[in-house]
Amino acid sequence: MSDFKRIFDIIHHYRDNHAKPIMVAGRKGDSWKTMSTDEFVQNMDFTSKGLLAKGIKKGDRIGLMSGNRPEWNMIDFACNQIGVATVPLYPTLSVKDLGFIIGDSEIKALFVSNRDLLDKIKEAISEQHPDLSIFTIDEVDGESSLHDLIAVGREQDSVDLSVHNDAVQEDDLLTLIYTSGTTGTPKGVYLSHKNLISNVLACQHLVPDAYKKSLSFLPLSHIFERMVVYLYFSKGIQIWYAENLDNIVVDINEVKPQFFTTVPRVLEKVYDKIVAKGKDLTGIKKALFFWALNLGHKYQEPAKNSLWYNIQLNIARKLIFSKWQQALGGEVKIIVSGGAALQERLARVFWAADIRVLEGYGLTETSPVISVNSSDDSGVKFGSVGHVLSNLDVKIAEDGEIMVKGPSISKGYYKNDKATQEVFDQDGYFHTGDIGELTSDGFLRITDRKKEMFKTAGGKYVAPQVLENKLMESPFIGQVMVIGENRRFPSALIIPNFEDLEKWAEHKSISFSSREELIAQKEVIEKYDQIINTAMTKFGKWEKVKKFVLLPKEWTIDNGELTPKLSLRRKVILEKSEKVVNEIYAGEE
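Q: Pulling in residues and values, what's your account of the sheet that holds strand S19 (residues 430-438)?
A: Reading across from one edge, S16-S17-S19-S20 is the order of the four strands in this open sheet, with antiparallel pairing throughout. Two strands close off the open sheet at either side, each with one partner strand: strand S16 (393-396) and strand S20 (444-448). This sheet shows a mean twist of 55° between the axes of neighbouring strands, independent of strand direction. As defined by bridge partners, S16 adjoins strand S17 (residues 401-405) across four bridges and the pair is classed as antiparallel. Of the residues in S17, the one forming a bridge with Asp393 is Lys405.

Q: Please provide a residue-by-residue account of unusual backbone geometry, values included.
A: In this model, Ser367 is joined to Pro368 through a cis peptide bond whose omega is -10°. Within the secondary structure, Pro368 sits in the loop between strand S13 (356-362) and strand S14 (369-372). A positive phi is found at Ser367, a non-glycine position, where the angle reads about 70°. Residue class for Ser367 comes out buried when judged on its relative accessible area of 0%.

Q: Go over the pattern of salt bridges with me, naming the residues and quoting the values.
A: Under the criterion given, the structure shown has 33 salt bridges. Notably, a salt bridge pairs Lys57 with Asp60, separated by 3.7 Å at the nearest N-O pair. The partner of Lys279 in a salt bridge is Asp500, with the nearest N and O atoms 3.8 Å apart. Within this pair, whereas Lys279 is found in helix H11 (residues 264-279), its partner Asp500 is found in helix H17 (residues 498-507), the two being separated by 221 residues in sequence. Taking the relative accessible area as the measure of exposure, Lys279 reaches 35% and is therefore partly exposed.

Q: Let's hear about the pairing of S20: which residues, and what values?
A: Looking at chain direction, S19 and S20 are connected through four bridges and run antiparallel. Counted as the bridge partner of Leu438 is Leu444 from S20. Counting the residues between successive antiparallel strands, the hairpin from S19 to S20 contains five residues, one of them, Gly442, with a positive phi of roughly 85°.

Q: Summarise the pairing of strand S4 (residues 85-88); cite the residues concerned and give the values.
A: Of the two faces of S4, both are covered, the one formed by Ala85 and Val87 as well as the one formed by Thr86 and Pro88. Bridge count for strand S3 (residues 61-65) against S4 is four bridges, and the pairing is parallel. By the bridge assignment for S4, Leu64 is matched with Pro88. Following the chain from S3 across helix H3 (residues 70-80) to the adjacent parallel S4, one finds a crossover that is right-handed.

Rules behind the numbers
Residues numbered from 1 in each chain as written. Predicted model: local features only at pLDDT ≥ 70, side-chain atom pairs only at ≥ 80, totals over all residues. Heavy atoms only, no water. Pairing = 2+ DSSP bridges. Helix = DSSP H or I, 4+ residues; strand = E, 2+ residues; numbered from the N terminus. Axes fitted to C-alpha atoms, helices over the stretch in contact; angles between N-to-C directions. Buried < 20%, exposed > 50% of the residue type's maximum accessible area, 1.4 Å probe, protein only. Salt bridge = Lys/Arg side-chain N within 4 Å of Asp/Glu carboxyl O. Right-handed = clockwise from strand over helix to strand, strands pointing away.

Purely geometric numbers; function is a separate question.
Printed below as a string of structure tokens:
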């Protein structure tokens, strides 16, 4: 395994050491379409040959715009084994950003999953890229498809792919991943085979050798899920790809994975649904549920829990937490959470339920993992993002910023020397833009998100995500964004968890005919005022959320308010909420 030098070496290792009847599977409506190792590798090789026959060569770039499916990785490997770099395109990208990325990356061909995305691409390229070859993964009438390309490749008997494999070097470009563009023009992050391979090898300890099955549902266009899927392949693990997040609990129960990755928002929703079911219980069952839940919130790192606590925990696991396991397929043991800060109470309660949630930290530019907790009893510290990977060097700058150096760090931004120079110091350390500290026992903590921090009119710095995480502990808050840059005090835009709020309102005999009418009720406003005051108790006076507004419509990826990893697009939300924000601060400035 240490012989891996290029990403496609992983697939060759899988073929030679882990070949199986089901290597990957993709959701097709109500069923799953499986693919064996032989099928996957054959189609990968035929795709490579088809691309070569179409004039694609080493050093070219190819776009890939699709949701999660086996073909995504198959196309990716087909490209990188002939020295062609992939440019992932989020299906939710705006037409404007698509046009920029296609032009900036100078892609020669593009794969899209279906008719809808094909139409979007055609609108983006317009008259500017008449020679761009487009292949659809699904069959679309009148369009060239992946199936057609594979048929072309099948006829190329004389092509020796080993020659093309040998020409690929570890420092060659593997992929250009463009930033989401929330702060301006997207930047293409340059990642080599070596960058990704080094991260895959450094994360081997996360997945036990005995594990056989995983589920992939976070976007493969994001480097977090993509690297983890490479990790799965390197361990010989079977991968099942979910179409989207809409039916993720159903998919988990059908696949019964032992391991998957997620973002905190998904875990929060799972937790809220479990608690909601607990509230519907009655009598002794309800009492036992909340006894176990409260016990779980007190869970400490394994070595710190007392004998009496562990006795109680064993009872809670048998009576209550075993049902949590069943709700997630019955086999899951490890969940890796990334992309945003995880509520500490969620990590504690899931560990108590014997589902080990491992919070990690990283960026696209770091391929991505910098640090991560492990499933070992001594490898976790709640409230931290784990130990720094063994092949990386992290230092904390004088202003508290986390700096990192090592083989998984990008060499910079494509065709953007100015931006590249801004993120590296004179010793080659990369500026993460986040504030943190290393504990005495070697765990990394993120204390502030430098890029999201703002300064109030009084000159005090506020870290909004810390406040948001605290507010999100309430089951009545579905989404929240703390604002207040250059204002006298922080405020919050809140999307209620309407399922819980409506049940509470019915219990209180509060009548309403719409969400707008519900959030305008005096009793509801008072309820949220109480929630916020309680949550802000331990924060400094300058940090406390003083005012809030309840909004009726959830922020979504499709509407542009969330990134594909479900992080807030703060600039977009602020622009859309300008009128509401002005009303919050009217007369206060």
